[in-house]
Amino acid sequence: MSQVLSLWRTASSLPVVGTTWGKKAFSIAFSQKAPYFSTIRPRFVELRANYAELVIPKRRGVHNHIGTVHAIALCNGLEAAMGALAEASIPQDKRWIPQGMDVTYTAKATSDITCIAETDAEQWTGDDPQLPVRVRGVRDDGTVVIEGVIKLYVTPKK
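Treat the numbers as computed from the prediction; the structure is a model and nothing was measured.

Thoughts on the overall build of the protein chain
Stage number 1. If you tally the helices and strands in the protein chain, you get three helices and six strands.
Stage number 2. Ordered by position from N to C terminus, the α and β elements of the protein chain give α-α-β-β-α-β-β-β-β.
Stage number 3. Taken over C-alpha atoms, the radius of gyration comes to 15 Å for the protein chain, in line with the 15 Å a tight globule of 158 residues would show.
Stage number 4. Judged by the C-alpha coordinates and their principal axes, the protein chain covers about 45 × 40 × 25 Å.
Stage number 5. Residues counted as buried form 44% of the 158 residues belonging to the protein chain.
Stage number 6. Within the protein chain, contacts between residues separated by at least 24 positions form 62% of all contacts whose residues are at least 6 apart in sequence.
Stage number 7. Accessible area of the protein chain: about 8400 Å², with a carbon and sulfur share of 54%.
Stage number 8. Here the protein chain holds 19 positive side-chain charges and 15 negative ones, and the gap between their average locations is 8 Å.

Okay, structure coming up:
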């Protein structure tokens with residue numbers, strides 16, 4: 001099991017502080033992996049192999065000029081979800097690096113945004129180094145505000 005998935009399982013089931021505080025602690029720790037993750041203050045909701053879900057709170061620090069969550073914050077949320085999913089899903093004998101992101105903005109981000117990243121288990125065991133991760137961001141009312149694919153390059157560890 002990966003360190004990220006192990007930390008998630010431990011933090012999200014802490015009996016002393018409870019799942020809410022454990023998930024918050026995990027979210028803060030994960031945000032330190034890349035400094036720009038902390039700018040969106042992600043709140044992880046779920047993490048397991050092939051699935052990651054987090055929430056970007058709608059707050060002034062991520063607003064654009066019209067008061068909605070700005071595009072870069074949305075992409076940062078999708079990338080954080082993808083990174084957690086990749087760490088939780090990749091076989092121990094492989095490594096990954098992002099190769100690109102292709103997203104479409106489909107609606108205004110007028111609420112907190114739930115960022116979701118998904119893959120299929122068989123994607124990680126094949127020989128093709130190109131691995132597309134499906135990503136989307138969803139408003140509180142269920143409207144998809146951003147969707148697309150983050151392309152990973154997955155190779156054997158040396």
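Here the narrative resumes.
Re the sheet that holds strand β2 (residues 51-56)
Stage number 1. In space, the six strands of this open sheet follow the order β1-β2-β4-β5-β6-β3, with antiparallel pairing throughout. Across the chains shown, the open sheet's two edge strands, defined by having one partner strand only, are β1 (43-48) and β3 (94-105). If you compare each strand with its neighbour and ignore which way they point, the axes differ by 15° on average.
Stage number 2. Sitting on the sheet, helix α3 (residues 71-89) is in contact with β1, β2, β3, β4 (113-118), β5 (130-138) and β6 (144-156), with an inclination near 150° to β3.

Description of the side chain of N76
Stage number 1. Assignment of secondary structure puts N76 in helix α3.
Stage number 2. The class for N76 is buried, based on a relative accessible area of 11%.
Stage number 3. The residues touching N76, leaving out its near neighbours within four places in the chain, are Y36, F37, T39 and I40.

A word on helix α1 (residues 3-11)
The α-helix winds at 3.6 residues per turn, so residues separated by three or four positions along the chain end up facing the same way.
Stage number 1. Looking only at α1, the buried set comprises V4, L5, W8 and A11. End-on, the buried residues of α1 take up no more than an arc of 135°, which puts them together on one face.

A closer look at the pairing of β1
Stage number 1. Where β1 lies against β2, five bridges are found, and the strand directions are antiparallel. Bridge assignment links L47 to a residue of β2, and that residue is A52.

Brief notes about the pattern of salt bridges
Stage number 1. Tallying each qualifying case throughout the model produces five salt bridges.
Stage number 2. We note a salt bridge from R134 to D120, for which the minimum N-O separation is 3.5 Å. Linking R134 in strand β5 with D120 in the loop between β4 and β5, this pair joins segments that are 14 residues apart in sequence.
Stage number 3. On the accessibility criterion, R134 (36% relative accessible area) is partly exposed.
Stage number 4. Since its relative accessible area comes to 32%, D120 is described here as partly exposed.

Focus on the nonpolar core
Generally speaking, soluble globular proteins have nonpolar side chains that are buried together.
Stage number 1. With 42 residues, the main nonpolar core has F26, F30, L47, W124, V133 and L152 as its most contacted residues.
Stage number 2. Residue assignment for this core shows that the elements contributing at least two residues are α1, α2 (18-31), β1, β2, α3, β4, β5 and β6.

Observations concerning α3
Stage number 1. Between the first and last C-alpha of α3 there are 27 Å, a value that for 19 residues agrees with the 27 Å anticipated at 1.5 Å per step.
Stage number 2. Within α3, 15 of the 19 residues are buried, which leaves the element mostly enclosed by the surrounding structure.

How each quantity is defined
- Residues numbered from 1 in each chain as written.
- Predicted model: local features only at pLDDT ≥ 70, side-chain atom pairs only at ≥ 80, totals over all residues.
- Heavy atoms only, no water.
- Helix = DSSP H or I, 4+ residues; strand = E, 2+ residues; numbered from the N terminus.
- Rg over C-alpha atoms; globule rule 2.2 N^0.38 Å.
- Buried < 20%, exposed > 50% of the residue type's maximum accessible area, 1.4 Å probe, protein only.
- Contact = heavy atoms within 4.5 Å.
- Areas by Shrake-Rupley, 256 points an atom, 1.4 Å probe, with all protein chains shown as cover.
- Lys, Arg positive; Asp, Glu negative; His and termini not counted.
- Charge placed at Lys NZ, Arg CZ, Asp CG, Glu CD.
- Pairing = 2+ DSSP bridges.
- Axes fitted to C-alpha atoms, helices over the stretch in contact; angles between N-to-C directions.
- Arc of directions from axis to C-beta.
- Salt bridge = Lys/Arg side-chain N within 4 Å of Asp/Glu carboxyl O.
- Core = buried A, V, L, I, M, F, W, Y, C linked by side-chain atoms within 4.5 Å.
- Expected span 1.5 Å × (residues − 1).

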